[in-house]
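# Residue-level structural notes
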Amino acid sequence: MEQKQYIEIEQRLGAHNYKPLDVVLARGEGVWVWDVDGKKYLDCLSAYSAVNQGHCHPKIMKTLMEQVRKLTLTSRAFRNDQLALFYRELCEMTNSHKVLPMNSGAEAVETAIKTVRKWGYQVKGVPEDQAEIIVCENNFHGRTITIVGFSTDENSRKGFGPFTPGFKIIAYGDAKALEAAVTPNTVGFLTEPIQGEAGVIIPPEGYLKEARNICDRNNIVLILDEIQTGLGRTGKLLAEEHDGIEADLTLIGKALSGGFYPISAVLSNTEVMSVLQPGEHGSTFGGNPLACAIGRTALKVLVEEGMIENAAQMGAYFLEGLKQIKDPKIKEVRGKGLLIGLEFYPDVGGARRYCEALMEQGLLCKETHDNIIRFAPPLIITQDTIDWALERIEAIVRG
Ligand SMILES: *Cc1c(COP(=O)(O)O)cnc(C)c1O
């Protein structure tokens, strides 16, 4: 079938809840993907950082193939021989005490919200149904009704109300605003260490540390959504390490499977997670043996193959290269590790056409919020490939 036929069928039969670039991919390996005509592209999005380990990583694939022949799903009504090992390895790696496995990122966020609310009533002593959670402007935490209810993006919210109460929205990166929003009923502060979807927004130096202190002083659970920033993306296993802090709840997903399977998890200290009792929360597929086996190998290769260090080194190199493209259309280039945003001035007319032009040149990336392009290739990218990408990006931006 030709590309345009695939596109026509998708348009006709599918919900139009995405506006993808018109490239129909059929194969992937490492940092590269191929379309149905065999044209090769560099993937600079990595499925929104779900493919940090590179497409079809051979070791993760091997694990999947082996586990799929043995056992895929038991439900949590019974135990399986992968869950305990997944817990142990994940806790050791991330310095966590407890894990709750789910499937999608949004489910991990919902799980955290339920958990801190219960903690608020049971441990902190907040009056029934009065718990408040503080979140930030321009957040992205997923797509459920509760989550879009505390989004500030009109596209995400409009037409989907009524929404879940109990959330307070403050400016991102503003510790004073956080302090001012705290009440005796505040149970949690939920934020991203870097706002990825908002366009790679990096908060001021020391912000997370101050947030940590404010949460400590007021007995508030600090929840960091590291679904995009975690698992090596910013050059550390978790982005919180850049600030030398530890969240009480950390949410991971996306690259937890290296792109093979939807897996997410809430990582917790003992006190908060211990409020959940049998029957109070769950998921049919959460913690299934196939997911756990894949997750274990996905984590292992991140460390064993030096991907996190590579993200730090190659990220710095890529960022510097982009900064050297001095063009009056570029407002700012910013990033940490291999999570990089290139922002155009608003009068440039949007980043989409640059993404389309780059696609023609064999480089796939996606605009976020009209004027920003996010560059987030798999963490295994090499310097030569970055040079190749920079040449094309410079030509397109200048052209
Ligand atoms: C992708 C993402 C989510 C939602 O994950 P899904 O798997 O799409 O539900 C939540 N938070 C952040 C920061 C994300 O990047």
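Residues numbered from 1 in each chain as written. Predicted model: local features only at pLDDT ≥ 70, side-chain atom pairs only at ≥ 80, totals over all residues. Heavy atoms only, no water.

### Comments concerning the pattern of salt bridges
- Scanning the entire structure with this criterion turns up 21 salt bridges.
- Taking the shortest distance from any N to any O, the salt bridge between Lys 4 and Glu 2 comes out at 3.4 Å.
- You can call Lys 4 exposed: its relative accessible area is 60%.
- Under the relative-accessibility criterion, Glu 2 is labelled partly exposed at 47%.
- The network of salt bridges with common partners includes Lys 331, Glu 332, Arg 334 and Glu 343. (Salt bridge = Lys/Arg side-chain N within 4 Å of Asp/Glu carboxyl O. Buried < 20%, exposed > 50% of the residue type's maximum accessible area, 1.4 Å probe, protein only.)

### Some words on the packing of aromatic side chains
- Using the criterion set out here, one finds five aromatic pairs in the structure.
- With a centroid separation of 5.5 Å and 80 degrees between ring planes, the pair formed by Trp 32 and Trp 388 is classed as edge-to-face. Of this pair, Trp 32 sits in strand β2 (residues 32-35) while Trp 388 sits in helix α14 (residues 383-398), and the two are 356 residues apart along the sequence.
- By relative accessible area, which is 25% here, Trp 388 ends up partly exposed.
- An angle of 70 degrees between the planes, with centres 5.8 Å apart, marks the rings of Tyr 172 and Tyr 207 as edge-to-face. Of this pair, Tyr 172 sits in the loop between β6 (167-170) and α8 (175-181) while Tyr 207 sits in helix α9 (residues 207-217), and the two are 35 residues apart along the sequence. Each member of the pair Tyr 172 and Tyr 207 is classed as buried.
- The ring of Trp 34 is capped by Arg 27, whose NZ or CZ atom sits 4.0 Å from the centre of that ring.
- The lysine or arginine in question, Lys 40, covers the ring of Trp 32, its NZ or CZ lying 4.3 Å from the ring centre. (Phe/Tyr/Trp six-rings, centres within 6.5 Å; stacked < 30°, edge-to-face > 60°. Helix = DSSP H or I, 4+ residues; strand = E, 2+ residues; numbered from the N terminus. Lys NZ or Arg CZ within 6 Å of the ring centre and 35° of its normal.)

### Digging into the confidence of the model for the chain
- Mean pLDDT over the chain stands at 97; residues scoring 70 or higher make up 100%.
- Across the chain, element-level confidence peaks in strand β5 (residues 132-136) with a mean pLDDT of 99 and bottoms out in strand β14 (residues 366-368) with 93. (pLDDT = per-residue confidence, 0-100.)

### Brief notes about helix α4 (residues 83-94)
- An ideal rise of 1.5 Å per residue puts 16 Å on 12 residues; α4 measures up with 16 Å between its terminal C-alpha atoms.
- In this fold, the buried residues of α4 make contact with β4 (98-102), β9 (249-252), β10 (264-268) and α11 (289-304).
- The first or second residue beyond α4 is Asn 95, which carries a positive phi of 65 degrees. (Expected span 1.5 Å × (residues − 1). Contact = heavy atoms within 4.5 Å.)

### Remarks on the sheet that holds strand β12 (residues 339-344)
- In spatial order, the strands read β11-β12-β15-β14; together these four strands make up an open sheet with antiparallel pairing. A single partner strand is all that each edge strand has here, and the edge strands are β11 (330-336) and β14. Put simply, the sheet's adjacent strands are angled 30 degrees from each other on average, direction ignored.
- Note that β11 and β12 share six bridges and pair antiparallel. (Pairing = 2+ DSSP bridges. Axes fitted to C-alpha atoms, helices over the stretch in contact; angles between N-to-C directions.)

### What about the site of the ligand?
- Near the ligand, the surroundings consist of Ser 104, Gly 105, Ala 106, Phe 140, His 141, Gly 142, Glu 192, Asp 225, Ile 227, Gln 228 and Lys 254.
- Here Gly 105 contributes a backbone N or O atom positioned 2.8 Å from an oxygen atom of the ligand.
- Lys 254 is positioned with one of its side-chain polar atoms (N or O) 2.6 Å from an oxygen atom of the ligand.
- Contact with the protein chains hides 80% of the accessible area of the ligand, taken as 380 Å² for the molecule alone.
- Taken together, the residues of the shell around the ligand sort by class into three nonpolar, five polar and three charged. (Near = heavy atom within 4 Å. Polar contact = N/O pair within 3.5 Å; in protein donor to acceptor, adjacent residues only side chain to side chain. Areas by Shrake-Rupley, 256 points an atom, 1.4 Å probe, with all protein chains shown as cover. Nonpolar A, V, L, I, M, F, W, Y, C, P; charged D, E, K, R; others polar.)

### Quick notes on a nonpolar patch on the surface
- The grouping of Met 1, Ile 9 and Leu 13 at the surface amounts to a nonpolar patch, some 320 Å² of accessible area in total.
- Of note, Met 1 is situated in the segment before α1 (3-13).
- Judged by relative accessible area, which is 55%, Met 1 ranks as exposed. (Patch = residues over 30% accessible without salt bridge, like charges linked within 9 Å, V, L, I, M, F, W, Y side chains within 5 Å.)

### Re the domain arrangement of the chain
- Segmenting the chain into domains produces domain 1 (3-57 + 306-398) and domain 2 (58-304).
- Spacing between the C-alpha centres of domain 1 and domain 2 amounts to 26 Å.
- Where domain 1 abuts domain 2, roughly 2600 Å² becomes buried across the two surfaces, and 59% of that area is made up of carbon and sulfur atoms.
- Three residues, His 57, Ile 308 and Lys 336, lead the burial of domain 1 against domain 2; their summed loss comes to 28% of the area buried on that side. (Domains from an automatic or database assignment. Buried area = accessible area lost by both parts, 1.4 Å probe.)

### Describing unusual backbone geometry
- In the segment running from Gly 161 into Pro 162, the intervening peptide bond is cis, with an omega of 0 degrees.
- Located in the positive-phi region is Tyr 48, a residue other than glycine, with phi close to 55 degrees.
- Within the secondary structure, Tyr 48 is located in helix α2 (residues 46-49).
- Located in the positive-phi region is Ser 75, a residue other than glycine, with phi close to 65 degrees.
- Positionally, Ser 75 belongs in the loop between α3 (58-70) and α4.
- Ser 75 sits in the partly exposed class, given a relative accessible area of 25%.

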